[in-house]
Amino acid sequence: FVACLRSYRPYLSMRWRLRVSLIVFLLLVATNAVAGELNKIIETALFKSPEIRIAKKRLRITEYQYREAIGKFLPSINFTYSRISLSDVPSFTMSIPSLPPSEFQMIEKDYYQMSLSLKQPIFTGGYLTFNALKRRFEKDSTYHRFLETVNEVLSRVKNDYYTLSEAKTSIEIAKSFL
């Protein structure tokens, strides 16, 4: 633009060039302000739209389902521990004539049980591979549905914004004729 003004320097007076550059500057500031306002509206819509929030949660769910399907290929370790304590233990009293009577418990009062197991899937008939592939495709399709939802929300926001802008302009034009 400045190069264009310099090439017509002999034909334009300084006052005219100043007016033209002021008009161009005001147009650029006005369009930038409108774009800034639209960007703020779009940002608000992206953060507060319930449709986008639901789509994000669905995307997160499918991501975790995919991770779970991949994790089934890995070995699993299980550890269990239990303690059983009996309050009344059956006992047997025995008396031998030369010894004092003695009492013997028939079973233990406390039982401890501990187990550790390792499980590695070796052959599952393709179930794990099929499940992992299915979850990956579900994750990809959910991601594309998320993008589609975002684009739909953006399209509605922009359409509403420009409709409102057009209505404001129509009102201003109608007021100027009255």
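Notes on the structure in this doc start here. Everything numeric in this text was worked out from a predicted model, so none of it was measured.

Parameters at a glance
Residues numbered from 1 in each chain as written. Predicted model: local features only at pLDDT ≥ 70, side-chain atom pairs only at ≥ 80, totals over all residues. Heavy atoms only, no water. Helix = DSSP H or I, 4+ residues; strand = E, 2+ residues; numbered from the N terminus. Buried < 20%, exposed > 50% of the residue type's maximum accessible area, 1.4 Å probe, protein only. Contact = heavy atoms within 4.5 Å. Salt bridge = Lys/Arg side-chain N within 4 Å of Asp/Glu carboxyl O. Polar contact = N/O pair within 3.5 Å; in protein donor to acceptor, adjacent residues only side chain to side chain.

**Details of the environment of Ser82**
Here's step 1: Here Ser82 shows up in strand 1 (residues 76-85).
Here's step 2: On the basis of relative accessible area, Ser82 is assigned to the partly exposed category, the value being 27%.
Here's step 3: Distance from Ser82 to Met114, taken between C-alpha atoms, is 6.4 Å for residues 32 residues apart in sequence.
Here's step 4: Dropping the residues within four chain positions of it, Ser82 is found in contact with Tyr111, Tyr112 and Gln113.

**Examining the pattern of salt bridges**
Here's step 1: A complete count under the given rule lists 4 salt bridges for this structure.
Here's step 2: A salt bridge links Glu63 to Arg67, with the nearest nitrogen and oxygen atoms 3.2 Å apart. Here Glu63 and its partner Arg67 are both found in helix 3 (residues 50-71), 4 residues apart, which amounts to about one turn of the helix.
Here's step 3: Here Arg135 ties to Glu138 by a salt bridge, and the two come within 3.0 Å at their closest N and O atoms. Placement of both Arg135 and Glu138 in helix 4 (residues 127-177) is noted, with a separation of 3 residues, approximately one turn of the helix.

**Digging into the environment of Gln65**
Here's step 1: Within the element layout of this structure, Gln65 appears in helix 3.
Here's step 2: Residue classification places Gln65 among the partly exposed residues on the basis of a relative accessible area of 26%.
Here's step 3: It is 9.0 Å that separates the C-alpha atoms of Gln65 and Ala132, two residues lying 67 residues apart in sequence.
Here's step 4: Ignoring anything within four residues of it in the chain, the contact list for Gln65 reads Arg135 and Glu138.
Here's step 5: Side-chain polar atoms of Gln65 contact the side chain of Arg135, separated by 3.2 Å.

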